[in-house]
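One-letter residues, chain by chain:
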Amino acid sequence: MVHYGHSNQLRQARAMGDYLIVGVHTDEEISKHKGPPVFTQEERYKMVQAIKWVDEVVPAAPYVTTLETLDKYSCDFCVHGNDITLTVDGRDTYEEVKQAGRYRECQRTQGVSTTDLVGRMLLVTKAHHSGHEISSEYREYADSFGKCPGGRNPWTGVSQFLQTSQKIIQFASGKEPQPGETVIYVAGAFDLFHIGHVDFLEKVHGLAERPYVIAGLHFDQEVNHYKGKNYPIMNLHERTLSVLACRYVSEVVIGAPYAVTAELLDHFKVDLVCHGKTEIVPDKDGSDPYQEPKRRGIFCQIDSGSDLTTDLIVQRIIKNRLEYEARNQKKEAKELAFLEARRRQEVQRERESDCDF
């Protein structure tokens, strides 16, 4: 997948240098070393390119990063999170560049992983079809999803994301609309931020010569009211970071009202309000949530050209449910084996060091 944890890693990586090149693996490589990808390679290429800290994307990047690859793209060093990434046979994919001193590390974002998000999507399915209590379902899932017999490692698994003001500041542009810029307002859930959202926001951004795009994100309860089941998959804090990381968005309203009111339009001095081709669910009183911008003649409907929705992503997961559960168990088992081997090496080194005296 591509989520705000990846965006945060890319933000940190960009701060270490002047130009950030991001290598994205093919579906074939990911299937071989990790398991079935959720987004296709073409979707992932475009998703990564839309992250505002990325200068260039290298499609079909090799899974094992070599010095040859770094030299080919004139890179001084490569960056990865402080978790491990292993080949299908359990080797560290950054071994060569680490030994050459051309490796840097950044902090992994606690509380989010592809494993966790896939699990939440499977939980949606399970809860929806079985009618069990969500709370007990979630507790059971959090304790067992994708967990291999023999323990849990610090990287694969489920933990809670804790939003901080510092994180929002790091992701936000901090820029206000300037004279001559066109203020465009869009609103929605933007759940599991995906290529459909990117295509829509890119089209919206292209409507003006100097656009200032404000995205209004609805509260979790509001999203659940019009989406049902256990949506949103990502909570408001997580959705905020996902949208802030997009290069086409200038500002985010955290917990925007469902109806686009006169007060909101006047407060942000909105010139244009856009909505995609998805259904507009009436407000709780049956009214059109876009009636005010329509009355002012500033409403515009945009066709993103993409048919991908959050529902379709969830359907992809359901279809491959057993494969994803097996993927997570296999991944964790591999990581635990690597940790155990490293622990033994350290113990052995300590023994040899003691013998020297």
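Look up a bit, the structure's there.
Scope of this entry: the structure provided in the associated data block. Values in this document were obtained by computation on a predicted structure and should not be read as measured data.

As a further point, take empty space enclosed by the protein. Empty pockets left among the atoms are what a rolling probe the size of a water molecule brings to light. With the rule as written, the count across this model stands at two cavities of 30 Å³ or more. Roughly 120 Å³ of volume is contained in the largest cavity. Along its surface, the largest cavity is lined by 15 residues, and V2, S7, M47, F193 and S242 are the ones closest to its centre. Along the lines of polarity and charge, the residues of the lining of the largest cavity split into 12 nonpolar, three polar and no charged.

As a further point, take the nonpolar core. In terms of nonpolar packing, the biggest core is built from 60 residues, with M121, V186, F190 and L201 touching the most fellow members. Take this core: its biggest share by element is five residues, from helix 9 (residues 195-205). Two domains each provide a minimum of three residues to this core, namely domain 1 (4-106) and domain 2 (165-301). Apart from the residues lying within four places of it in its own chain, the contact partners of F190 are H197, F200, L201, A215, G216, L217, R239 and V243. Counting residues in each nonpolar core, the second largest holds 14 residues, with V183, I214, L265 and V273 among its members.

In this section: helix 14 (residues 310-319). Where helix 14 is concerned, the buried positions are T310, I313, V314 and I317. For helix 14, the buried positions fall inside an angular range of 100° around the axis, keeping them on one side.

Right, let's talk about the side chain of H275 for a bit. Of note, H275 is situated in strand 8 (residues 272-275). Within polar-contact distance, the side chain of H275 engages the backbone oxygen of T278 at 3.2 Å. At 3.1 Å, the side chain of H275 and the side chain of Y290 are in polar contact. Residues contacting H275, with those up to four places away along its chain left out, are F200, I280, Y290, F299, C300, Q301 and I302.

What counts as what
Every chain is numbered independently, its residues counted from 1 as its sequence is written. Whole-chain, interface and lining totals are the exception, using all residues; otherwise, since this is a predicted model, local features are given only for residues with pLDDT of at least 70 and side-chain atom pairs are given and counted only at 80 or more. Here the side-chain values reflect all heavy atoms present in the structure, with hydrogen atoms and water set aside. In this analysis the probe radius is 1.4 Å and the grid spacing 1 Å, with only protein atoms considered; a cavity is a set of points the probe fits into but cannot get out of, a pocket is an open set with protein on both sides within 12 Å along at least five of seven lines, and lining residues have an atom within 4 Å of a point. Grid points are joined across faces, edges and corners, and a volume is the space filled by probe spheres set on the points. Classes in brief: Ala, Val, Leu, Ile, Met, Phe, Trp, Tyr, Cys and Pro nonpolar; Asp, Glu, Lys and Arg charged; the others, Gly included, polar. Put simply, a nonpolar core is a bunch of buried Ala, Val, Leu, Ile, Met, Phe, Trp, Tyr and Cys residues held in one set by side-chain atoms that sit within 4.5 Å of each other. Each residue is assigned to one of three classes by its accessible area relative to the maximum for its type, calculated with a 1.4 Å probe on protein chains only: buried under 20%, partly exposed between the two thresholds, exposed over 50%. Runs of H or I in DSSP of at least four residues are treated as helices and runs of E of at least two as strands, each being numbered from the N terminus. Segment limits for the domains were obtained from an automatic or database-derived domain assignment. Throughout, a residue-residue contact means that at least one pair of heavy atoms, one from each residue, lies within 4.5 Å. Our arc is simply the arc of the directions from the helix axis toward the C-beta atoms. In protein, a polar contact requires one atom able to donate a hydrogen and another able to accept it; more generally it is a pair of N or O atoms within 3.5 Å, and residues adjacent in sequence count only if both atoms are side-chain atoms.

Scope: geometric values only; no functional claims are made or implied.
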